Each structure stands twice: as structure tokens, then as C-alpha cells.
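# Examination of the molecular architecture
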Amino acid sequence: MKVVGLTIQPLRIPFVERFQHSLKDRAASDTVVVRVQLEDGTYGYGEGLPRPYVTGETVETLVTHVSEQLWPALVDQKIFGDELLANLSELIPTSTDDGPVRAHNSARCAVEVAVVDAVLRSRAMGLHDLLPPTADSLTYSGVITAGDLESVARRARQLMRVGLSHIKVKVGLEDTVERIAAIRKELGPDSVLRIDANAAWTVDQAAEVLQALEPYNVASCEEPLAPQSWSDLAELRQRVSTPLIADESLVTASDAQQLVAHEAIDLFNIRLSKCGGIGPCLELAAYAREHGLGYQVGAHVGETALLSAVGRHFAAHLGDARFVEGSYGTLLLTEDLSRTSLRFGHQGKGTLLKGPGLGVDILEERLEGYAVGRLEFSA
Amino acid sequence: MNIADYIEDIYRRQAEEFLACDAFQQLESGEAPREAYDQFIGNIFRTHQNSPQFLAFLFSVAPPSAQDRVAHNLLEEMGIEEEGGESHPQLLTQLIEGAGLAHQVSDLEEAARQAMREVICEPLLFGSLREVGFAAMAEVFSFEHMLAHTSTRIATMLRRHRGLDDDALVWFSHHSEVDIVHAQEALLTLAETAEYYDFDFDEARDVADLTLRENVFIKRYFDPRALAEARHLS
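What you see is a predicted model; the values in this text were computed from it and never measured.

## Details of the packing of aromatic side chains
- Within the structure shown, the criterion is met by 14 aromatic pairs over all chains.
- Plain terms: the ring middles of B:Phe18 and B:Phe24 are 5.1 Å apart, the flat faces sit at 40 degrees to each other, and that makes the pair tilted. Taken as a pair, B:Phe18 and B:Phe24 share a single burial class, namely buried.
- Ring-pair connections join several aromatic residues into one group, and the members of that group are B:Phe18, B:Phe24, B:Phe40, B:Phe143, B:Phe217, B:Tyr221 and B:Phe222.
- Between the NZ or CZ atom of A:Arg194 and the centre of the ring of A:Phe323, over which it lies, the distance is 4.1 Å.
- In this structure, B:Arg130 is placed above the aromatic ring of B:Phe199, and the distance from its NZ or CZ to the ring centre is 4.0 Å.

Below, the structure is given as C-alpha cells:
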């Protein structure tokens, strides 16, 4: 089985409302969809979300890397469906430290997922065959972004109305303690509340805030410090009792090794696009388990149904992710790309997907409608 | 403030936003190309094809005090409220045919069926029909309210810049300013529903806010990109 065609389409899908955190104020999803064609005519779709403040990638670097590195490495190569992920790790290796780009992970993710989708469809199989589920359903988290005290409290109430019990709050901009107090008051004592600082603090600031937050039972704090501050993170971990999650600090396998070597972290935030696709994410999860760490399956803001589908398969396969994010669908995007919604439902429940390939049918007319560019390659 | 006033305020703001958005302003100024008018007409047809089904659902969840009102609305929509009546989907077909777009009807009907399928398949955010019903009511009635305040202006625009005659524009006259009573009745039904199902103000407001986050008039009559532009999110 060979890949004989590849199309890259950067998309811009408007959000229903702004999404703000300490590193970014976003009003639309900048995502890139890759479509591959196999020699038997089967198509498959993948997605990557390049984030300069995470992997150093931009839409431009993604397009260039796929065009100049991944497509030439893949075209006309024989793909073995029986050991697909291992085969793809050889054909499309992860690449790191390329100038300002720490790793071309979103580019790799988009291509890997597209090939997986195509090969599985060609063999009348689904991703659930490749990643057998170990959970019956998933519970997704809601997110509260920046805003004044009144608006974050109102959003907390709304999330309660739809039954969400896992809530992540973006903090670090201002008034963190007041915001968390207001939100906890709305949520009551039973909701699992965690925070994400997106690298906003120094060690002392983080320690001070986390100690002040102890009365509000915060389940974890994600990326409190500047990324890859291994020693500082380890020091912070000694000073506070709140479990720490590595997000921007966990991009590559080498990052994972540093985090473990410095005993700097309690959980990994494994995100498909950030970490390079299914294969590398499975390896990160295995590495975390091996070293007694937990993990959450995270998502990039603005993921379409494509990565929502892969994230659901991935999280269901792992079965023991502490928290699961994503599948926001039309809660965030004004329109998603799939024929059937992948958005989570009441109480954040997401059902398992059973269809061929990724288990999601992409509407080409919507893809075309939101595309802001198109590059095609053929063998 | 009671919940009817709160929701009416959202409806009014969204109708104003619709009339002020670039996409509508271009149509009304006559500057838009003919395809933009055709697209707009097609979007109205598609948006309202499923109205009888939605009203039938609202009838099922309406409180006893509002059932006659919603039933009247439903029968009128289906064209069987009085002898010789025409269903609103038929009037929309009249609009399409009057615009010379009859060849698009089957595609638009299929698009409406797909839209209905998406609505039905989408996982429910709320936990019971109590909240789902109230949310559906808030969205469906938003069109009653909006059309009662804008349909004469839309019809004038289509007559002036797209050359449609009165026969083609009957659907708009059914929803015109004279239909303001319907819009007021819709708000009364919302208030009665909230009361009957024991919503307190905060809960009803939260459901309404979640449901009416987007301006569905701009989104459905134009497209999500026009909505993003109107809200400076593009």
C-alpha cells in the first residue's frame, strides 16, 4: 500500500466567542488539515494545530515541513498495515531543534493521522481496532478562560447547568485567587477544579498563589512556570502540595526524560498535535506509567472533529487518563467539519466511536469553505 | 427583570445586529451581486423548512396554559389552521420559484434534512427535556421575534434589488410587523414555560444565555463567516 497524493489545507474557522489565556487571545481556529490518497483511491484526513508558543511551529512552518520533508519521505513508500504505527514512526520520524521550531510535531501529527485514517479505511477497519478501548465512555472537562469575576462566575454556573464536573480555569493574568474563589463558590465542593497558568509565573509567584489556593481544593496546576525550567519546576514541586502538570514543558521525548530526571512533575499533559501524533503519544503515556506519573489527554483550542475523534480513541484506549479535554465542537467553533457532531454531551460524556478510519465523516464542502489555502502533491 | 424581558432584550439586540451586519447592509444598499441575494433567499428557505417539526416539538413540551397558543402556531405553519391555508414551507417554495431558483429546491430540501439530522444527532448538553425544551423554545421563538421586526425591511430589499413580486414575498408578509402579536405571545409562552417547570430566574437566564450565544439570524441567513465579521471575530 502506497501514498500517492497529499493535500495541505490551512483552515480558519471562527469561534463562537473569544478564547483567552496568558499566552494568546484567539478568535478563530488556525488549524491545518492534511488529506492523503492511497494507491487504491482511499482518502484519509489528519489535522495539526501549529502553536508558536508551544512547539515553535507556525502554519507556514507546518506547510513547509510537510511539503519538503514529510511528503518526499512518504511518497511511494510501502506502508505495512499490520504494524502501522511502528512503520509510520520510521517513515515520518519526529524531528526536533530546527531553528525556532522545537519540534515539527503538529506537522507530523497531521500526516500520521491522515495515513492512519486512509490505511484503516482501506482495510475496512477503524481506529478502535488499532487502539482497542479500555473504557466504556469518557468524561470531558469544561474550560473557563480569562474574563472579569462576574463573567467567570457566570461561565462556571453555565458549566454546572450542563453537568460538567471537571473544570479547568485559565489563570495567571490577574486576580487568580479571587477568580478561583468565585468559581469554587458557584461550583460547590464536589466539582474537580484545576488551573492552567500557561507559563505565567516565577517560582515564588507560583508558590505564593498555590499556597493561597489551598482552601479551594485545586486538583492540579498546569504549566505554572516558563517552559523547560526543569530545576525551577522541581523546586516548586517541593514547595507546594498541588500536583503539577507539564504542558508546554512536554513537547518531546527528551522533555519527558528531563521532567522525570528532575522529579519535576506529577502528570503529563499529552496532546496529539503538540506531541507529534498517535505513536509518540502512546510512547509518552507508557513512559509516564513506567515512572509512576499520571497523565491527562489534552487538546488544543480549536481542534476540529478530526483530532476530537483521535483524542477520543486515544483516551478510551488508555482508559486511565486523570482528565480528558477536547471535543468542544460547536461549543467553540461556529461550525465543525464532520457530518455528525463529536461534541461531548451532558456531564461531559463522550461515547466511543465505531466507524471506519477515525470514525468521523468529514464534509468536503465545509473543508473547502474554511480553507485559506491549498497545496497539492501527487506521485 | 423577568425572564421574558431578559430574553426579549437578547432578541432585540440580535435583530439589530443582524440589520447592521455588513452582509445585510450590502444587500439592502443594492451593492451586493445577484448571487448574494440568491444565496440569502436559499438560506431563508433552508432555515425555515423544518419549522413545523420544531413547533411540533415545542407543542410537546409547552405547559398546559400555552398549548393552544403553540398548537395554533403549528397548525398555521402547516397551513391547516383554516380552510384554504398554505403551509409555510409551501410559501417558501413560492419564494424560491418567484426568484427563479426552482432548480435549487431539491438541493435545499436535502440540506434542510441534513441540518435536521445534525440537530437530532448532536449530543444533548442538558440533562432533561425540561431544559432542552426551554432552550429549543428560546431559539425557535427568536425567529418569530426577529421576523416580526425585520421582515418588511427584508421584503422591501428583495423587491427593490432582486425584483421579487408580492406573490413571491407572501412568506414575509405572514411574518411582518402586523405579526408582532405572535412575537409577544412567544415571550409569554417562554415565561409560562419557565414558571410551569420551576425554573428560577438564574437558571432560565443561564439556559437562554447558552442557547442564544450566537446570532442565529446572521449564522443561518448568511453564514458563520458573516457572523464572525459582525462580532469582530474574523
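## Regarding the pattern of salt bridges
- Using the criterion set out here, one finds 38 salt bridges over all chains in the structure.
- In this structure, A:Arg239 and A:Glu235 form a salt bridge, with 3.0 Å as the shortest nitrogen-oxygen distance. Placement of both A:Arg239 and A:Glu235 in helix H8 (residues 230-239) is noted, with a separation of four residues, approximately one turn of the helix.
- The exposure class of A:Arg239 is partly exposed, given its relative accessible area of 35%.
- We note a salt bridge from B:Glu110 to B:Arg113, for which the minimum N-O separation is 3.1 Å. With B:Glu110 and B:Arg113 both in helix H7 (residues 105-121), this residue pair falls three residues apart, about one helical turn.

## As for the domain arrangement of chain A
Residues and elements named next belong to chain A.
- For chain A, the assigned domains read domain 1 (3-124 + 364-378) and domain 2 (129-351).
- Contact with domain 1, which involves 42 residues of that partner, is made by 44 residues of domain 2.
- When the two sides are added together, the surface that domain 1 and domain 2 hide from each other amounts to roughly 3,500 Å², 65% of it contributed by carbon and sulfur.
- Here domain 1 is connected to domain 2 by two salt bridges.
- Residue Arg-366 is joined to Glu-335 by a salt bridge in which the shortest nitrogen-to-oxygen separation is 3.6 Å.
- Here domain 1 and domain 2 share 16 residue pairs in polar contact (both at pLDDT 80 or more) between them.
- Sorting the residues of the side of domain 1 that touches domain 2 by element identifies strand S1 (3-21), strand S2 (24-38), strand S3 (43-48), helix H2 (84-91), strand S5 (101-103), helix H3 (105-122) and helix H13 (364-370) as the ones contributing at least two each.
- With ten residues, S1 is the single largest residue contributor to the side of domain 1 that touches domain 2.

## As for helix H3 (residues 34-48) of chain B
- The terminal C-alpha atoms of H3(B), which comprises 15 residues, lie 22 Å apart, in line with the 21 Å expected from a rise of 1.5 Å per residue.
- Within H3(B), the full set of buried residues consists of B:Tyr37, B:Asp38, B:Phe40, B:Ile41, B:Gly42, B:Asn43, B:Ile44, B:Phe45, B:Thr47 and B:His48.

## A short note on unusual backbone geometry
All names here are of chain A.
- We note that Ala-199 has phi near 65 degrees; this positive angle belongs to a residue other than glycine.
- Looking at the element boundaries, Ala-199 is found in the loop between strand S9 (192-196) and helix H7 (203-212).
- For Asn-217, which is not glycine, the phi torsion reads 50 degrees and is therefore positive.
- Here Asn-217 falls in the exposed class, since its relative accessible area comes to 51%.

## Considering the interface of chain B and chain A
- Each partner contributes residues to the interface: chain B has 26 residues there, and chain A has 28 residues.
- Across the chain B to chain A interface the summed buried area is about 2,500 Å²; carbon plus sulfur atoms make up 49%.
- Summed over the shared surface of chain B and chain A, the result is four salt bridges.
- Between B:Asp206 and A:Arg157 there is a salt bridge whose closest N-O contact spans 3.3 Å.
- Here chain B and chain A share 13 residue pairs in polar contact (both at pLDDT 80 or more) between them.
- Contributions of two or more residues to the side of chain B that touches chain A are made by H7, helix H11 (201-211) and helix H13 (224-230) of chain B.
- Examining the composition of the side of chain B that touches chain A, we find that six residues originate from one element, H11(B), more than from any other.
- Looking at the side of chain B that touches chain A residue by residue, the class counts come to ten nonpolar, four polar and twelve charged.

Conventions adopted
- Sequence positions are assigned chain by chain, starting from 1 and proceeding in written order.
- Written order determines the labels here, with chains lettered from A and ligands numbered from 1.
- Note on the predicted model: pLDDT of at least 70 is required for a residue's local features to be given, and 80 or more for side-chain atom pairs to be given and counted; whole-chain, interface and lining totals, by contrast, use all residues.
- Where side-chain values are given, they derive from all heavy atoms of the structure, hydrogens and water being excluded.
- For this analysis, a ring pair means two rings from Phe, Tyr or Trp (six-membered ring only for Trp) whose centres lie within 6.5 Å, classed as stacked if their planes differ by under 30 degrees, edge-to-face if by over 60, and tilted for the remaining angles.
- Each residue is placed in one exposure class: buried if its accessible area under a 1.4 Å probe, protein chains only, is under 20% of its type's maximum, exposed if it is over 50%, and partly exposed if it falls in between.
- Charge-over-ring contacts are defined here by two conditions on Lys NZ or Arg CZ: a distance within 6 Å of the ring centre and an angle within 35 degrees of the ring normal.
- Any carboxyl oxygen of Asp or Glu that lies within 4 Å of a side-chain nitrogen of Lys or Arg is treated as forming a salt bridge with it.
- Every helix listed is a DSSP run of H or I at least four residues long, and every strand listed is a run of E at least two residues long, numbered separately from the N terminus.
- Note that domain bounds follow an automatic or database assignment of domains.
- The criterion used for residue contact is that any of the two residues' heavy atoms lie within 4.5 Å.
- Each of two parts loses accessible area, computed with a 1.4 Å probe, when they are put together; buried area is these two losses added.
- N or O atoms within 3.5 Å of each other form a polar contact, as long as, within protein, one can give a hydrogen and the other can take it, and as long as residues adjacent in sequence are counted only when both atoms are side-chain atoms.
- The span one expects for a helix is its residue count, reduced by one, times 1.5 Å.
- Three classes are used: nonpolar for Ala, Val, Leu, Ile, Met, Phe, Trp, Tyr, Cys and Pro, charged for Asp, Glu, Lys and Arg, and polar for all others, with Gly counted as polar.

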